Amino acid sequence: MLLTETQKGFLALGAVAVLWVTTSELVQNVEEEEHYEKPLFITLISLASFSSFLLRGIWDREWRENLSLVYKDIPWTAYSFALMWLLANICFYYSLETTSVASCTALSSSSSVFTLMGGFMMGTETPTVKKIVSVTAAVLGVVLITKADLDPANQGIEGHKDTMQGDAVAVLGAVLYAVYLNLFEKMVGDRYDTEAFLSFVGLAGISMMPLAWSEGFVAPTWRQLAILIGNGVFSTALGNRLWLYGSINCGPTAATLALTTCIPLAGVLDASRGKQEFTLSWVLGSGLVVLGFVLCTLNSDDSREQKSASKEEPVS
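Residues numbered from 1 in each chain as written. Predicted model: local features only at pLDDT ≥ 70, side-chain atom pairs only at ≥ 80, totals over all residues. Heavy atoms only, no water.

A few words now on the overall build of the protein. Looking only at helices and strands, the protein features 14 helices and zero strands. The helix and strand sequence of the protein, counted from the amino end, reads α-α-α-α-α-α-α-α-α-α-α-α-α-α. Sorting the 316 residues of the protein into buried and exposed places 53% on the buried side. Here the contacts in the protein between residues at least 6 apart in sequence split such that 87% fall between residues at least 24 apart. Surface summary for the protein: the accessible area is close to 14,400 Å², and the carbon and sulfur share equals 67%. (Helix = DSSP H or I, 4+ residues; strand = E, 2+ residues; numbered from the N terminus. Buried < 20%, exposed > 50% of the residue type's maximum accessible area, 1.4 Å probe, protein only. Contact = heavy atoms within 4.5 Å. Areas by Shrake-Rupley, 256 points an atom, 1.4 Å probe, with all protein chains shown as cover.)

So, about the side chain of threonine 236. Within the secondary structure, threonine 236 is located in helix H11 (residues 222–250). On the basis of relative accessibility, which here comes to 3%, the residue threonine 236 falls in the buried class. Within the structure, threonine 236 has its side chain in polar contact with the side chain of serine 46 (distance 3.5 Å). If we ignore the near neighbours within four places in the chain, the residues touching threonine 236 are Ser46, Leu47, Ser49, Phe50, Trp85, Asn231 and Arg241. (Polar contact = N/O pair within 3.5 Å; in protein donor to acceptor, adjacent residues only side chain to side chain.)

Take the packing of helix H2 (residues 39–48) against H11 next. Direction vectors running N to C along H2 and H11 enclose 50 degrees, while the axes themselves pass 8 Å from each other. The pairing of H2 with H11 is recorded here as oblique in orientation. Our pair here, H2 against H11, has a crossing hand that is right-handed. Across the interface between the two elements, Phe41, Ile42, Ile45, Ser46 and Leu47 of H2 pack against Leu228, Ile229, Asn231, Gly232 and Thr236 of H11. A class-by-class count of the residues in the contact of H2 with H11 yields six nonpolar, four polar and no charged. (Axes fitted to C-alpha atoms, helices over the stretch in contact; angles between N-to-C directions. Parallel < 35°, antiparallel > 145°, perpendicular 65-115°, else oblique. Left-handed = near helix turned anticlockwise from the far one by under 90°. Nonpolar A, V, L, I, M, F, W, Y, C, P; charged D, E, K, R; others polar.)

With respect to the helices, strands and loops of the structure, glutamate 195 is situated in helix H10 (residues 194–207). In this structure the side chain of glutamate 195 is engaged in a polar contact, spanning 2.8 Å, whose partner is the side chain of arginine 56.

Turning to the pattern of salt bridges, a few remarks are in order. Within this structure, the stated rule accounts for three salt bridges. The salt bridge involving arginine 56 is made with aspartate 60; its shortest N-O contact spans 3.2 Å. By relative accessible area, which is 25% here, arginine 56 ends up partly exposed. With a relative accessible area of 18%, aspartate 60 lands in the buried category. Between glutamate 195 and arginine 56 there is a salt bridge; the shortest N-O distance is 2.8 Å. (Salt bridge = Lys/Arg side-chain N within 4 Å of Asp/Glu carboxyl O.)

Tallied over the full model, the rule gives six aromatic pairs. Ring centres of phenylalanine 41 and phenylalanine 217 lie 5.1 Å apart, and the angle between their planes is 65 degrees; this geometry places the pair in the edge-to-face category. Of the two residues, phenylalanine 41 sits in helix H2 while phenylalanine 217 sits in the loop between H10 and H11, which places them 176 residues apart along the sequence. Taking relative accessible area as the criterion, phenylalanine 217 reaches 31% and is therefore assigned partly exposed. (Phe/Tyr/Trp six-rings, centres within 6.5 Å; stacked < 30°, edge-to-face > 60°.)

Relative to the helices and strands, leucine 198 is located in helix H10. Look at leucine 198 and you get buried, because its relative accessible area is 0%. In this structure the C-alpha to C-alpha distance between leucine 198 and alanine 78, which are 120 residues apart in sequence, comes to 7.4 Å. Dropping the residues within four chain positions of it, leucine 198 is found in contact with Phe50, Phe53, Tyr180, Arg241 and Leu244.

Moving on to the nonpolar core. Ranked by internal contacts, the top residues of the largest apolar core, which has 59 residues, are Leu47, Tyr180, Phe197, Leu198, Val201 and Trp243. Broken down by element, this core gets its largest block of residues, 10 residues, from helix H4 (residues 75–98). Contact partners of tryptophan 243, with chain neighbours within four places excluded, come to Leu13, Val16, Trp20, Tyr177, Tyr180, Leu181, Ala255, Thr256 and Leu259. (Core = buried A, V, L, I, M, F, W, Y, C linked by side-chain atoms within 4.5 Å.)

Distances and angles like these do not, on their own, reveal function.
As structure tokens, then:
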């Protein structure tokens, strides 16, 4: 049985969930145990890693022509995306310093509500009852997760951080992610080769590298650099490629809600390190966020079928 485009999109998003939670743990390890707390430099390395897609041009002549098309049409769009991505991920990495990976991941998933609102305004999403209900469930889940972070039981855990500031920054990052994703859907979508576009986003990131000196640049060790480059290639380049593929095939709101599958995995990883306790509030909050994802999945599949059917209708 062949998979539909929507099903392929959600499989891609499932792979992204594993990639992003795993690499979040690696980055937090670099900052804490490796004592390399340079979130701006870490983010710039990740952004520049998009340029790794340029290697495809070595053997793919047709793809090189796509690069020319992107360069002629939307070079400044790529730079704008790079700047938006940089700001969103700085928020994410900064929040890792002040809250747990599980809570940071959960709050970042609140981008669904901002994605849906932005999608309505920009015309990239169609308002439906299922979408509104799914986003509402996710928002309630985020509220419960934040409540769990403020629970004295969690505050007393060794290594648990001052979470209020980290939670706020994570939500700000979620807003920026929503803007980034809706802009991609509106201005790029399936009109251009995604890897060609992301290559120019990576080149824009390389041009921003001097910003690393603003936080007091310190050269990483070879081990730290290897982890950061690996994170950039696999989590950033490959992860965002799969994420945007999922967005094109499932819609921006479904793509952001799909990433809520990161929450249980991140919670298990944090619990194994003694940094998270599964309070009733946290479990209920996670459940609501996942419920929102399931509801949006059903709506996305229905919308996809309707869209395909309308395309197949003969023109009179």
